[in-house]
Each structure stands twice: as C-alpha cells, then as structure tokens.
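# A structural walkthrough
Spelled out, the chains give:
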Amino acid sequence: MIVLRRALPEFRWEGVDLRAYKDEAQAPFRGVTRQVLASAPDLKGELRYFEVAPGGWTTLERHQHVHAVTILRGAGRALVGENVLDLAPLDLVTVPAWAWHQFRAGTDVALGFLCMVDAERDRPQLPSEQERAALESAPEIARFLSGT
Ligand code: MN
C-alpha cells in the first residue's frame, strides 16, 4: 500500500495526529510533541517527527535501541553520551545503544527533528540520582542539563 501524506504548514502532515511526546507520568520532559509519520506492520522501523518548544527538552534516557535523528527546524543542542552537540537544520546525529541522550531547543527557538527507530524496542531507562551526578561531574554536561 502506498501512503502519501502531504506536508501541511508548520511541520504538520496530512492524516497525522499531533500527540503528546510521552505519558507525562512516565518520564520528565518539557514542551515536546510527537507525530508518527510512518509505522506499518511490514516496516521494521518507525519514522517520527518531534518538536521541542523554545526552552523545552526531551527526557534524559538511555536504551538498547538506537536512533538516527535529522534536524528539520530551528536550533538546539543534544547530549549524546558524553558529547554536547550544537544542532542546525539538516544535521544528522545517531544515538548509539545505551548512550544517555537528551535534546534541548534554544531558549527562543523550537527544535524539530525526524527520528528513526526500531518498531520493536526496549523501554527507556531514566538515570538514577547517582548516574545523573556522574553525568553532571563534567561541567559542560552539568550546564547543558541545567539549561544554561
Ligand atoms: Mn531515546
């Protein structure tokens, strides 16, 4: 079956619901929406579009499954493993298995990105207090996580 979802204004697509990023009780995040662009039983992956509002951030998490992320809109930064990366449209970044990761929009600009992921995947882990403290022992990562 062919699926054609025409682009709509403001990074929306025909027939695609704008959803909450996650169940809010499940994990901390701020100002993130999710659109599932492609997901089918005969497709081993899913393609999603996430948008992080200005000042917002995705959950700090890690998992076995990997991500391939392409920035479509705006600007922001990501923590991937021990690296803090500046991101601009059409940059591509992968997230390896078990790398801690978080995406943050700029303070006055949204960050929109495509994220490719396995259709069947393990559940993300959140950092323990100890793991978060270990990450924050690197000054650059501490600044990133505090949003400064
Ligand atoms: Mn993830």
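All of the points below concern the structure found in this document. (Residues numbered from 1 in each chain as written. Predicted model: local features only at pLDDT ≥ 70, side-chain atom pairs only at ≥ 80, totals over all residues. Heavy atoms only, no water.)

### Regarding the coordination of the manganese ion
The protein atoms that coordinate the manganese ion are Glu61 (OE), His63 (NE2), His67 (NE2) and His101 (NE2), at distances of 2.0 to 2.3 Å. Motif for the manganese ion, donor spacing along one chain: E-x1-H-x3-H-x33-H. In this pair, His63 sits in the loop between strand 5 (45–57) and strand 6 (67–74) while His101 sits in strand 10 (residues 101–105), placing the two residues 38 residues apart along the sequence. We classify His63 as buried; its relative accessible area is 1%. (Donors = N, O, S within 2.8 Å, 3.2 Å for Na, K, Ca; no water. Helix = DSSP H or I, 4+ residues; strand = E, 2+ residues; numbered from the N terminus. Buried < 20%, exposed > 50% of the residue type's maximum accessible area, 1.4 Å probe, protein only.)

### A closer look at the pairing of strand 7 (residues 76–80)
Burial within strand 7 is extensive, with 4 of its 5 residues counted as buried. In this structure, the hairpin formed by strand 7 and strand 8 (residues 83–87) is closed by a connection of 2 residues, where Gly81 is found at a positive phi of approximately 65 degrees. Both strand 7 and strand 10 contribute to a ladder of 5 bridges, which runs antiparallel. Among the inter-strand pairings, Leu79 is bridged to a residue of strand 10, identified as Gln102. (Pairing = 2+ DSSP bridges.)

### Considerations on helix 2 (residues 139–146)
The complete set of buried residues in helix 2 reads Ile141, Phe144 and Leu145. For helix 2, the angular spread of the buried residues around the axis is 95 degrees, confining them to a single face. Those residues of helix 2 that are buried lie in contact with strand 7, strand 8, strand 10 and helix 1 (129–136). One or two residues past the end of helix 2 sits Gly147, with phi positive at roughly 80 degrees. (Arc of directions from axis to C-beta. Contact = heavy atoms within 4.5 Å.)

### Section: the side chain of Arg48
Structurally, the position occupied by Arg48 is in strand 5. Buried charged residue Arg48 carries no salt bridge. Nearest counter-charge: Glu46, at 4.5 Å. Leaving out residues up to four positions away in the same chain, Arg48 has contacts with Gln35, Val36, Leu37, His67, Phe113, Leu114, Cys115, Val117 and Arg121. (Lys, Arg positive; Asp, Glu negative; His and termini not counted. Salt bridge = Lys/Arg side-chain N within 4 Å of Asp/Glu carboxyl O.)

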